Amino acid sequence: MRKLILRNTPDIADSFELRIKESADGKNFYEVFCENGKIVICADCKISQAVGYYDYLKKYCGVNLSHCGNTELNVLNAPLFEGVLSKKINQKFRACFNYCTFGYSMAFWTWEDWEKEIDYMAMNGINFPLAIVGTEAVWYYTMRDFGYSNVGALRFLSGPGFWPWQLMNNIESYFGLTDENYIKARLELGKKIIERETELGMTPIQQGFSGMVPRSLKKVFDSLRMNIVPSWCNFPVTYQLDPTDTAFKKFGTALLEKQRELFGAYHYYACDPFHENKPPVKKKDYLWKVGRAIDTMYKDFDPDSVWVMQSWSLREDIVKAVPKDRLLILDIDGTKHREYDNFWGYDFILGNIHSFGDRNTLHGSISALAKNEYAHIDAENCVGTGLFPEGIYQNPLYYDLAYEMLTQSEEINLDRWLENYAVRRYGSDSKNYLEAVKLLEKSCYNENCTGRETGSVICARPGTTLKHTAPNDEMKLRYSNIDLLESAEKLLEAEGEKTDGYVFDVCDITRQVLSNYCRVLYDRVMEGFNTRDLNLFERSSNAFLKICEELDE
């Protein structure tokens, strides 16, 4: 923890004193207070200390740390204060990341990127991150052990932008690898990530196995049952080794053993049988056997293992084949627990998903965040909270609140929070800044902006009718673009020092305003086209294309 402080606020690192104190009730907690000229951070563990440290920086140093502007801390003074800044954290687990995040946002990250991210996770209380970087090496060396050539093993593994979807059993060999040095580099990066996460007290969720294998595995085993998995999103078909086949346990255990050899074993293993696809056999007893087979494999490999399963493609018969102390469900969009009777008593994490397909649309209900569903859920088996974005380089206001809510047990006062956020984000208590964020609350972050994002017409394939601008989006704008324009104008009218967050937001909000306006222009183009009004068609088309050029600028 001392090193985390040195990395992030070196100029005030000597101002802090760190203490560890046993929790009276087993809950995570921190207390921050001043004593003998020092800022004392007293907590039950390193992660709790990190949350207390960041809470102090936000409250007394005006810090806003973000993926979008304000990406670096520059704190030169550590004010002393009276009283105690404290919190008890009721959530046992605070999970983070979606498989998609590793493809959309993190595919080409270096250790420098990850080092900053892990510190950021710790400061936001995350203790249960998905850790799949370097799993290419697990597969590569396991396949080599089973007799595959260097080229054969590499070709089966998808490239960096697509590898997470191979781990979800959706694709294989897409932009396949060609260089063993890449495998070694990913292995070293993955080791560093897990070492740092565990050093700070996090428990990484590691990759499990639910059956996806190369078709050529038939050449390795004398006989095995392998099913063709139908095309996912128009990608080529893949192949799944049937979990009820004896070869499943042999190959899956080999992968788990290799992972332990390369990275260590931390008891939590993620896999989702038939993710976004249908089982090959419809009988209920088949799904029960699948659940038993996978759980048995994990238990025989690691008696303390826990299967981590997403609720996205959950099957009741698979779930109920697993003992309750050996399964943890991630309710990644926070809705499935209502559909499945709180998952029949199985432990689950209440999640929040955002940015489908890594869209940069300004979007999300911050009032829903502030109301805090965790505070109202009536389920003792809800053991934590999670943030599962598909992409992270957007919506800085939404994410600042979403990360904070991971460790909150009650509703918060949104008006007060927005006042505080405006000061931290822009470095001033200017009235313009507060008015700007209040207009964001009224527009792109209002209570109607839930679910799938509104797509940008600029991203649509040219056509005379538009049902969608891209897969899985919404067409309707759920707020007034004039309110969003006024937010940008309030920022532009503000005077005084401008933070990186200010610069980012002025550009980003203007981008969204222009993107929204392109839909109006598109409708005018189509009106001109359908009524044969050449003047309207040309004026609207030229305006549309001009805005596209300005957005590039």
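Residues numbered from 1 in each chain as written. Predicted model: local features only at pLDDT ≥ 70, side-chain atom pairs only at ≥ 80, totals over all residues. Heavy atoms only, no water.

Focus on the overall build of the protein chain
- Tallying secondary structure elements over the protein chain gives 20 helices and 14 strands in all.
- Judged by the C-alpha coordinates and their principal axes, the protein chain covers about 80 × 75 × 50 Å.
- Looking at the protein chain as a whole, 58% of its 553 residues qualify as buried.
- Within the protein chain, contacts between residues at least 6 apart in sequence are counted, and of these 70% link residues at least 24 apart.
- When the accessible surface of the protein chain is split by element, carbon and sulfur atoms take 49% of a total near 24600 Å².
- Averaging the locations of the 64 positively and 80 negatively charged side chains of the protein chain gives two centres separated by 6 Å. (Helix = DSSP H or I, 4+ residues; strand = E, 2+ residues; numbered from the N terminus. Buried < 20%, exposed > 50% of the residue type's maximum accessible area, 1.4 Å probe, protein only. Contact = heavy atoms within 4.5 Å. Areas by Shrake-Rupley, 256 points an atom, 1.4 Å probe, with all protein chains shown as cover. Lys, Arg positive; Asp, Glu negative; His and termini not counted. Charge placed at Lys NZ, Arg CZ, Asp CG, Glu CD.)

Section: unusual backbone geometry
- The phi torsion at C233 lies on the positive side, around 55 degrees, for a residue other than glycine.
- Along the chain, the position of C233 falls in the loop between β8 (226-229) and β9 (238-241).
- Phi at D341 is positive, roughly 50 degrees, even though this residue is not glycine.
- As for its position among the elements, D341 is in the loop between α12 (336-339) and β13 (347-354).

Here we look at the nonpolar core
- One finds W114 and W139 to be the most contacted residues of the largest nonpolar core, which totals 163 residues.
- Sequence-distant contacts of W114, defined by excluding residues within four places in its chain, comprise F97, F102, M106, W109, V133, L189 and I193.
- Among the nonpolar cores identified, the runner-up in size contains 11 residues, and L466, L521, V525 and C548 belong to it. (Core = buried A, V, L, I, M, F, W, Y, C linked by side-chain atoms within 4.5 Å.)

Focus: the sheet that holds β13
- Taken together, the 8 strands give an open sheet; going across it, the order is β6-β5-β14-β13-β12-β11-β10-β7, and neighbouring strands pair in parallel fashion. A single partner strand is all that each edge strand has here, and the edge strands are β6 (128-129) and β7 (206-207).
- By the bridge criterion, 3 bridges tie strand β10 (residues 268-270) to strand β11 (residues 306-310) in an arrangement that is parallel. Residue pairing in the sheet places Y269 in a bridge with W307 of β11. (Pairing = 2+ DSSP bridges.)

What about helix α8 (residues 180-199)?
- With 20 residues, α8 should reach 28 Å at 1.5 Å per residue; the first-to-last C-alpha distance of 29 Å fits that figure.
- Among the residues making up α8, those that are buried are I183, R186, L187, L189, G190, I193, I194, R196 and E197.
- For α8, the N-terminal capping position is held by D179, with its side-chain oxygen 2.9 Å away from the main-chain nitrogen of N181.
- Note on α8: the residue one or two positions beyond its end, G201, has a positive phi of about 95 degrees. (Expected span 1.5 Å × (residues − 1). Polar contact = N/O pair within 3.5 Å; in protein donor to acceptor, adjacent residues only side chain to side chain.)

Some points on the packing of aromatic side chains
- In total, this model carries 42 aromatic pairs according to the counting rule given.
- Centre to centre, the rings of F529 and F537 are 6.4 Å apart; their planes meet at 40 degrees, and the pair counts as tilted.
- An aromatic cluster is built from W139, F146, F156, F209, F221, F248 and F251, whose rings are joined through pairwise contacts.
- Here the guanidinium or amino end of K324 rests over the ring plane of Y346, the centre of that ring lying 5.8 Å away.
- The positively charged end of R452 is found above the aromatic ring belonging to F356, 3.9 Å away from the centroid. (Phe/Tyr/Trp six-rings, centres within 6.5 Å; stacked < 30°, edge-to-face > 60°. Lys NZ or Arg CZ within 6 Å of the ring centre and 35° of its normal.)

Looking at the sheet that holds strand β1 (residues 16-20)
- With mixed pairing, the 4 strands of this open sheet are ordered in space as β1-β3-β2-β4. Whereas interior strands pair on both sides, the edge strands pair on one side only; in this sheet they are β1 and β4 (85-89). Within this sheet the neighbouring strands show an average axis-to-axis angle of 15 degrees, counted without direction.
- Sheet topology places strand β2 (residues 28-35) next to β4; 5 bridges connect them, and they run antiparallel. From the neighbouring strand, F29 faces β4, where its bridge partner is K88.
- On top of the sheet, helix α2 (residues 46-61) reaches β1, β2, β3 (38-43) and β4; it is set at about 50 degrees to β2, its chief contact. (Axes fitted to C-alpha atoms, helices over the stretch in contact; angles between N-to-C directions.)

Details of helix α10 (residues 284-301)
- With 18 residues, α10 ought to run about 26 Å at 1.5 Å a step, and its terminal C-alpha atoms sit 26 Å apart, in line with that.
- Regarding α10, the residues found buried are Y286, L287, V290, G291, A293, I294, D295, M297, Y298 and F301.
- Residues of α10 that are buried in the fold lie against β8, α9 (246-263), β10, β11 and α11 (316-319).

So, the pattern of salt bridges
- Under the defined criterion, the tally for this structure stands at 29 salt bridges.
- Across the pair E72 and K116 runs a salt bridge whose closest N-O atoms are separated by 3.0 Å. You can see E72 sitting in the loop between α2 and β4 and its partner K116 sitting in helix α4 (residues 111-123), a full 44 residues away along the chain.
- A salt bridge links R260 to E257, with the nearest nitrogen and oxygen atoms 2.9 Å apart. (Salt bridge = Lys/Arg side-chain N within 4 Å of Asp/Glu carboxyl O.)

Points about the packing of helix α19 (residues 500-531) against helix α20 (residues 534-552)
- Contact geometry for α19 and α20: axes closest at 8 Å, N-to-C directions at 160 degrees. Looking at the two axes, α19 sits roughly antiparallel to α20. You can see that α19 and α20 cross each other, and the crossing is left-handed. Residues R511, L514, S515, Y517, C518, L521, Y522, R524, V525, E527, G528 and F529 of α19 form the contact with α20, whose participating residues are L536, F537, S540, S541, A543, F544, I547 and L551.
- For the contact of α19 with α20, a count of residues per class yields 13 nonpolar, 4 polar and 3 charged. (Parallel < 35°, antiparallel > 145°, perpendicular 65-115°, else oblique. Left-handed = near helix turned anticlockwise from the far one by under 90°. Nonpolar A, V, L, I, M, F, W, Y, C, P; charged D, E, K, R; others polar.)

Some words on the environment of Q310
- Within the secondary structure, Q310 sits in strand β11.
- Spatially, the C-alpha atoms of Q310 and D331 are 6.3 Å apart, while their sequence positions differ by 21 residues.
- In contact with Q310, other than residues within four places in its own chain, are Y99, D272, H275, L330 and I332.

Distances and angles like these do not, on their own, reveal function.
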